[in-house]
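Architecture at a glance
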Amino acid sequence: DFACDAPTFNVATDSSDPTVGFGSDARLGSDKVGPFGNWSVFALIHWWYSSAVKSFASLNELVHGVMLNPKFQLAHLVGFSAEAEAKKMDAASNSGPSVDDPGAAADGWRSGDIRLRLPKAGSKKAEADAPYFEIENIQYRDILEVTKSAFQDPGVAQFNMKGHLRMFDHGDGRPHERVHGEAYTSDRVLEFEEEIRNRPGASDCKLETVVAIWMLYSDSTHLANFGTAAI
């Protein structure tokens, strides 16, 4: 499950909590982290994948961030196999989250049945009367839980959280020209912020107004990547 995976989105360059990628079971201080049997194995695997180029800096991180961490126990690595741990990650990715896992439950995962209404050629009727296809025991997350999880990730520090207008200055005296591009420069985001500021009691709140913008899309609509751009 990814809150966002567009190639043009910013990601945190320095995370103070490297366990966020493995769900709330890690953040809740569980001894079992994701598909790994204990924190020591998780920390070692995380170090390996988080340092693409091995250097003195990555070696320092191994010593100070992993081996000297109070949670690290040498006994946890008895019988350790990198190949076996990689297979655990593959299996976890293929099977998806388990709603019985405490961390998955904390992340808002649920299990239920859904009905998809189907079109019928040559027939027009109300959606409620249309035939349906039922999918049983599907795992899903409420969009509010996805939002909460995204805002708990250190990467949120890199998000642009304030709507604004973006203007282009020609530099030759011509009027400034409006630039349309990102969602946070759209009129709708500015309207949302205005609605929040004008709601009853909003004047008593001293917190900054923030709108969580969701752009819903399907992987089937992703045609190609061009460098850092996608269509």
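Refer to the structure printed above.
All values derive from a computational prediction rather than experimental measurement.

Glancing now at the overall build of the protein chain. Secondary structure assignment for the protein chain yields seven helices and six strands. Along the protein chain, from the amino end to the carboxyl end, the secondary structure elements read α-α-α-α-α-β-β-α-β-β-α-β-β. Of the roughly 16800 Å² that the protein chain leaves accessible, carbon and sulfur atoms contribute 56%.

This part takes up the nonpolar core. With 13 residues, the main nonpolar core has F36, W39, F42, A43, I45, L62 and V66 as its most contacted residues. At the level of secondary structure, the elements contributing two or more residues to this core comprise α2 (39-50) and α3 (56-67). Apart from residues no more than four positions distant in its own chain, L62 is found in contact with L44, W47 and M67.

One non-glycine residue with positive phi stands out, namely N137, at about 55 degrees. Assignment of secondary structure puts N137 in strand β2 (residues 132-141).

Once that is clear, we can look at the pattern of salt bridges. With the rule as written, the count across this model stands at eight salt bridges. The partner of R115 in a salt bridge is E134, and the shortest N-O contact between them spans 4.0 Å. Of this pair, R115 sits in strand β1 (residues 109-117) while E134 sits in strand β2; the two residues are 19 residues apart in sequence, bridging distant segments of the chain. For E134, a relative accessible area of 33% translates into the label partly exposed. One salt-bridge network, held together by shared partners, links R188, E191 and E195.

Another point: the packing of aromatic side chains. Here a ring pair, both rings aromatic, is described through the centre-centre distance and the interplanar angle of the planes. Evaluated as defined, the whole model comprises three aromatic pairs. For the ring pair F36 and F42, a centre distance of 6.3 Å and an interplane angle of 45 degrees mean the geometry is tilted. There is no split in this pair, since F36 and F42 are both buried. Aromatic pair W47 and W48: ring centres 6.4 Å apart, planes at 55 degrees, arrangement tilted. The exposure class of W47 is buried, given its relative accessible area of 12%. Taken together, the aromatic side chains of F36, W39 and F42 make up a single cluster linked through ring pairs. For K54, the ring lying beneath its charged end belongs to W47, and the centroid distance is 5.2 Å. A cation sits over an aromatic face here: R188 above F192, 4.0 Å from the ring centre.

Further remarks concern helix α6 (residues 143-152). Buried residues of α6: E145, V146, T147 and A150, and no others. One side-chain oxygen at the N-terminal end of α6 lies 2.8 Å from the backbone nitrogen of L144; it belongs to D142.

Put simply, α2 and α3 touch, their axes get as near as 10 Å, and they point 165 degrees apart. Looking at the two axes, α2 sits roughly antiparallel to α3. Seen from above, α2 lies across α3 with right-handed handedness. Taking contact as the criterion, the partners of W39, A43, L44 and W47 in α2 are, on α3, S58, E61, L62, G65 and V66. For the contact of α2 with α3, the residue count by class is six nonpolar, two polar and one charged.

Before going further, it helps to examine a nonpolar patch on the surface. Together, F56, L59, V63, M67 and L68 make up an exposed nonpolar region whose accessible area comes to about 530 Å². When you line up the elements, L68 lands in the loop between α3 and α4 (82-95).

Examined against the element boundaries, E193 turns out to sit in helix α7 (residues 187-197). Put simply, E193 is tucked away with no salt bridge, and the nearest opposite charge, on R197, sits 4.0 Å away. Among the polar contacts listed, one links the side chain of E193 to the backbone nitrogen of G163, at a separation of 2.9 Å. When sequence neighbours within four positions are dropped, the list of residues in contact with E193 reads M161, K162, G163, T209 and V211.

Procedures and definitions
Residues numbered from 1 in each chain as written. Predicted model: local features only at pLDDT ≥ 70, side-chain atom pairs only at ≥ 80, totals over all residues. Heavy atoms only, no water. Helix = DSSP H or I, 4+ residues; strand = E, 2+ residues; numbered from the N terminus. Areas by Shrake-Rupley, 256 points an atom, 1.4 Å probe, with all protein chains shown as cover. Core = buried A, V, L, I, M, F, W, Y, C linked by side-chain atoms within 4.5 Å. Buried < 20%, exposed > 50% of the residue type's maximum accessible area, 1.4 Å probe, protein only. Contact = heavy atoms within 4.5 Å. Salt bridge = Lys/Arg side-chain N within 4 Å of Asp/Glu carboxyl O. Phe/Tyr/Trp six-rings, centres within 6.5 Å; stacked < 30°, edge-to-face > 60°. Lys NZ or Arg CZ within 6 Å of the ring centre and 35° of its normal. Polar contact = N/O pair within 3.5 Å; in protein donor to acceptor, adjacent residues only side chain to side chain. Axes fitted to C-alpha atoms, helices over the stretch in contact; angles between N-to-C directions. Parallel < 35°, antiparallel > 145°, perpendicular 65-115°, else oblique. Left-handed = near helix turned anticlockwise from the far one by under 90°. Nonpolar A, V, L, I, M, F, W, Y, C, P; charged D, E, K, R; others polar. Patch = residues over 30% accessible without salt bridge, like charges linked within 9 Å, V, L, I, M, F, W, Y side chains within 5 Å. Lys, Arg positive; Asp, Glu negative; His and termini not counted.

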